[in-house]
Amino acid sequence: MSQTWDPDTYAKHARFVSDLGAPVVDLLQPQSGERILDLGCGDGALTERLQKAGSLVVAIDSSPEQVSAALKRGLDARIIDASALSFNQEFDAVFSNASLHWIQDAKAVIDGVWRALKPNGRFVAELGGAGNVESFREAFQCALATRDIDSNAADPWYFPTTKQYRALLAARGFSVRSMKLFPRPTPLPGDITHWLELFAQPFLKAVNAADRPTLIQEVRGQLKSKLQGSDGIWLVDYVRLRFVATRTE
Ligand code: BEZ
């Protein structure tokens, strides 16, 4: 896997990810005693909120480092790939924030979520949607093209349209209760280089280690006029896809 997570760096530069996930928790409305599966729990900051609401949460993530950070919070966290779930009708709800866009095989995820839910169980999630961080994709495409590298081959992200995701959910037997795609320009707590080092590893790894600092500076230079305000704050062009769907059978 070309993307790895360091929980300390994540807590320092990406705490906004779980902070901005609060509306998704509100949409889920976790109930006391409910069994909930948290897909892509990261360091467990949002899982903790679900647990505080009284629900019984199993939190999964493919990163051993993030799972170990979640375990330190006292959570039931497990290293599991969300595209290879083996739960069977165990959960009242499946929750996910800012994680599903890292998995290309959305059909496999949706199949596993459907199996994991009890009949009428709900799937409540938010992920990057069509157009998400488009300026980053463009900047990497340009910078890698000058090195004769196809950025599409390095691109790890899956940002579906509502039409695409709705069709996948419906095909597996979900009823979509609500779904929206909306821009959410997001201020960063620091310089864009931290974002690039944390979230764009697959693009950076397309060049050799010695060239990475130069690549970062080139991409930063391209993004500066688009994303950095006169106050020096970087505003990332996030687009969210947020939905509630229920298992119909
Ligand atoms: C997102 O949350 O939309 C996202 C974060 C990092 C890389 C790509 C997308």
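Up top you'll find the structure we're talking about.
Residues numbered from 1 in each chain as written. Predicted model: local features only at pLDDT ≥ 70, side-chain atom pairs only at ≥ 80, totals over all residues. Heavy atoms only, no water.

Trainee: How would you explain the site of the ligand if you had to name every residue and give the values?
Mentor: The local shell around the ligand consists of His101, Trp102, Asn132, Trp157, Phe159, Trp195, Phe199, Tyr238 and Arg240. The separation between an oxygen atom of the ligand and a polar side-chain atom of histidine 101 is 3.5 Å. The protein chains hide 97% of the 260 Å² of surface that the ligand would expose on its own. Partitioned by chemical class, the residues of the shell around the ligand number six nonpolar, two polar and one charged. (Near = heavy atom within 4 Å. Polar contact = N/O pair within 3.5 Å; in protein donor to acceptor, adjacent residues only side chain to side chain. Areas by Shrake-Rupley, 256 points an atom, 1.4 Å probe, with all protein chains shown as cover. Nonpolar A, V, L, I, M, F, W, Y, C, P; charged D, E, K, R; others polar.)

Trainee: Please give an account of the sheet that holds strand E4 (residues 91-97) that cites residues and values.
Mentor: A sheet is described by the order of its strands in space; here seven strands give the open sequence E3-E2-E1-E4-E5-E9-E6, paired in mixed fashion. The sheet terminates laterally at strand E3 (76-79) and strand E6 (174-183), the two strands that pair on one side only. The mean inter-strand angle of the sheet, taken between neighbouring strand axes irrespective of direction, is 15°. Pairing of strand E5 (residues 117-128) with strand E9 (residues 239-247) involves seven bridges; the strand directions are antiparallel. Across the sheet, residue glycine 128 finds its bridge partner in E9, namely arginine 240. Against the sheet, helix H4 (residues 45-52) touches strand E1 (35-39), strand E2 (56-61) and E4, its axis set at about 170° to E2. (Pairing = 2+ DSSP bridges. Helix = DSSP H or I, 4+ residues; strand = E, 2+ residues; numbered from the N terminus. Axes fitted to C-alpha atoms, helices over the stretch in contact; angles between N-to-C directions. Contact = heavy atoms within 4.5 Å.)

Trainee: How would you explain the pairing of E5 if you had to name every residue and give the values?
Mentor: Within E5, nine of the 12 residues are buried, leaving the element largely enclosed by the surrounding structure. The sheet contact formed by E4 and E5 spans six bridges and is parallel. Each bridged residue has a counterpart across the sheet, and for asparagine 97 the counterpart in E5 is glutamate 126. Regarding topology, helix H6 (residues 106-116) serves as the crossover connection from E4 to the parallel E5, and that connection is right-handed. (Buried < 20%, exposed > 50% of the residue type's maximum accessible area, 1.4 Å probe, protein only. Right-handed = clockwise from strand over helix to strand, strands pointing away.)

Trainee: Hey, could you go over the pairing of E9 for me, with residue numbers and the actual values?
Mentor: Burial analysis of E9 places nine of its nine residues in the buried class, which makes it a mostly covered element. Burial of E9 is two-sided: the residues Val239, Leu241, Phe243, Ala245 and Arg247 facing one way and the residues Arg240, Arg242, Val244 and Thr246 facing the other way are all buried. By the bridge criterion, nine bridges tie E6 to E9 in an arrangement that is antiparallel. Bridge pairing links lysine 180 to arginine 242 in E9.

Trainee: Describe the environment of glutamate 48, listing the residues and the values that go with them.
Mentor: Counting through the fold element by element, glutamate 48 comes out in helix H4. Classification of glutamate 48 as partly exposed rests on a relative accessible area of 23%. In sequence terms glutamate 48 and leucine 215 are 167 residues apart; their C-alpha atoms lie 37 Å from each other. With residues near it in sequence (within four places) discarded, glutamate 48 still touches Arg73 and Leu75. In terms of polar contacts, glutamate 48 uses its side chain to reach the side chain of arginine 73, at 2.9 Å.

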